[in-house]
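# Remarks on the overall topology
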Amino acid sequence: MQETTLSYSAARELYAGLGVDTEQALQTLASIPISLHCWQGDDVGGFEHENSALSGGGIQATGNYPGKARTIDELRQDLQTALSLIPGRHRLNLHACYADLGGKKVERNEYTVEHFQSWIDWCKAHGMGMDFNPSFFSHPLANDGLTLSHPDEAIRQFWIEHGIACRKIGAEAGRQLGTPAVTNIWIPDGSKDIPVDRKGPRLRLEAALDEILKEPIDAQYNLDALESKLFGIGSESYVVGSHEFYLGYAITRQKLICLDAGHFHPTENVSDKISSVLQYVPGILLHVSRGVRWDSDHVVIADDQTRAITEEVIRGGFLGRTHFGLDFFDASINRIAAWIIGTRSLLKCLLASLLEPTRKLRQFEAEGDFTSRLALLEECKSMPLGVIWNEYCHRHDVIAGPRWMDEVKRYEREVLATRT
Ligand code: RNT
Ligand code: ZN
């Protein structure tokens, strides 16, 4: 402990030399919640009925690492374990297919807050806010690969009702927890092969969204977000809710746009979109993810792309309008470790961005001194970020270095191994 304190003060001096206040950075970092997605814990299965599993929707969890959560209680226990190894106060991002139905059969268009009250209570007990998502997949009425844009009016209506129900649930969670829920709409709608009618489904989607979002809800309870996508498995040729579609929709309706890091062409970066879309929409939801060659939803790591995203948010002063959520699902490694790795990596990127000598860099830029700008940007990469990170973990009573993995291994032996 003594040693850490000493090296922290030395590192603090180094940063101060660049005009960076590490105390300020640590304080700001503590104010940024990350929304942990429930679906990493059970491979996007949910608990609506026995043997719920991800089906359709064009997304895919691969791997069969033992110990996946089979019940709501197990998922909560896993989440709690993950949270105990992540510094700071965070949020829960829940999908509607994780409803607590108590063994009853309830249609998704009939979901009410009662089916999520135990989750809200759980969040409250853990001092967490909650975010929410209607589930437009893993359901017989989504088997055509179409939901809100389905040509069949009855099917469309079912999904519209689900969307309406979910906004109400989000708002009630937001009211009870004293922090607005971001309720994010993502639909898988699209087609495998080249469609002839690209217009019809988009017109239907627009009308359906207008129906879902018709009732105004106080922004202190619920914020609506819309998530676009480029392609999915089985929707390679056409996705109804494309980026252009939702960007136009979000701007004209003043809704949040959700930018998922895996939902663009591989050489396109979400980071560059942030300052553009925030000129026109009230806020953004980030689905921080890692696509490897495609929208593969690998566990987030502290890579250049993630770092570029956090830099843009910090540099632009966009923290107040940005909601950080994670979106990955890897079933090939310990699922609890996956949550921890992804969240800690995102937090490290945020910390690195908060420790950037932005004022100095901006000054170089304004003076046209691009040589000094590049030189300093590169020097920043060998600043003692790890020391500041360790200090942050200590202050939040969380294991700092790689030893957190010992705890996960212990949990794996004592708890996960019994799930056969
Ligand atoms: C799918 C979207 C969406 C889902 C979750 C489960 O491509 O990224 O956000 O991953 O809603
Ligand atoms: Zn996503």
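Look up a bit, the structure's there.
Residues numbered from 1 in each chain as written. Chains lettered and ligands numbered in written order. Predicted model: local features only at pLDDT ≥ 70, side-chain atom pairs only at ≥ 80, totals over all residues. Heavy atoms only, no water.

## Remarks on the site of ligand 1
Close contacts around ligand 1 come from Trp39, Ile59, His95, Trp186, Glu227, Lys229, Asp260, His263, His287, Asp295, Asp327 and Phe329, and that covers them all. Within the side chain of histidine 95, a nitrogen or oxygen atom sits 2.7 Å from an oxygen atom of ligand 1. Aspartate 327 has a polar side-chain atom sitting 2.7 Å from an oxygen atom of ligand 1. Out of a free accessible area of 310 Å², ligand 1 has 99% covered by protein chains. Taken atom by atom, the bulk of ligand 1 overlaps the largest cavity. Within the shell around ligand 1, the residues separate by chemical class into 4 nonpolar, 3 polar and 5 charged. (Near = heavy atom within 4 Å. Polar contact = N/O pair within 3.5 Å; in protein donor to acceptor, adjacent residues only side chain to side chain. Areas by Shrake-Rupley, 256 points an atom, 1.4 Å probe, with all protein chains shown as cover. 1 Å grid on protein atoms, 1.4 Å probe; cavity = no way out; pocket = protein on both sides within 12 Å on 5 of 7 lines; lining within 4 Å. Sits in = over half its atoms within 2 Å of the grid points. Nonpolar A, V, L, I, M, F, W, Y, C, P; charged D, E, K, R; others polar.)

## Description of the pattern of salt bridges
Following the criterion strictly, the structure yields 26 salt bridges and no others. Of the charged contacts, one joins arginine 70 and glutamate 74 as a salt bridge, the two residues approaching to 2.6 Å between their closest N and O atoms. You can call arginine 70 partly exposed: its relative accessible area is 44%. Residue arginine 373 pairs with glutamate 365 through a salt bridge whose shortest N-O separation is 2.8 Å. A relative accessible area of 26% places arginine 373 in the partly exposed class. By relative accessible area, which is 42% here, glutamate 365 ends up partly exposed. (Salt bridge = Lys/Arg side-chain N within 4 Å of Asp/Glu carboxyl O. Buried < 20%, exposed > 50% of the residue type's maximum accessible area, 1.4 Å probe, protein only.)

## Here's the deal with the layout of surface pockets
The calculated volume of the largest pocket comes to roughly 610 Å³. Lining the largest pocket we find 29 residues, and of these Phe47, Glu48, His49, Glu50 and Ser52 sit closest to its centre. Residues of the lining of the largest pocket, tallied by class, amount to 9 nonpolar, 10 polar and 10 charged. Within this model, the second largest pocket holds a volume of roughly 380 Å³. Forming the boundary of the second largest pocket are 18 residues, of which Arg307, Glu311, Leu377, Cys380 and Lys381 lie nearest the centre. At the level of secondary structure, the elements contributing two or more residues to the lining of the second largest pocket comprise α9 (304-315) and α12 (370-380). Considering every element that reaches the lining of the second largest pocket, the biggest residue donor is α9, with 5 residues. Across the lining of the second largest pocket, the residue classes break down as 10 nonpolar, no polar and 8 charged. (Points joined across faces, edges and corners; volume = space filled by probe spheres on them. Helix = DSSP H or I, 4+ residues; strand = E, 2+ residues; numbered from the N terminus.)

## Observations regarding the packing of aromatic side chains
In total, this model carries 10 aromatic pairs according to the counting rule given. For the pair phenylalanine 245 and tyrosine 246, a centre-to-centre distance of 5.2 Å together with 85 degrees between the ring planes defines the contact as edge-to-face. With respect to class, phenylalanine 245 is no different from tyrosine 246; both count as buried. Linked through ring pairs, Tyr111, Phe116 and Phe132 together constitute an aromatic cluster. Cation over ring: arginine 76 sits above tryptophan 119, and NZ or CZ is 4.2 Å from the ring centre. (Phe/Tyr/Trp six-rings, centres within 6.5 Å; stacked < 30°, edge-to-face > 60°. Lys NZ or Arg CZ within 6 Å of the ring centre and 35° of its normal.)

## Overview of the nonpolar core
Counting residues in each nonpolar core, the largest one holds 116 residues, and the members touching the most others are Trp119, Leu148 and Leu286. In terms of residue count, the dominant contributor to this core is helix α10 (residues 335-354) (10 residues). Within the second largest apolar cluster, 6 residues are counted, among which are Val182, Leu223, Ala225 and Leu285. (Core = buried A, V, L, I, M, F, W, Y, C linked by side-chain atoms within 4.5 Å.)

Take it as geometry only, folks, not as evidence of what the structure does.
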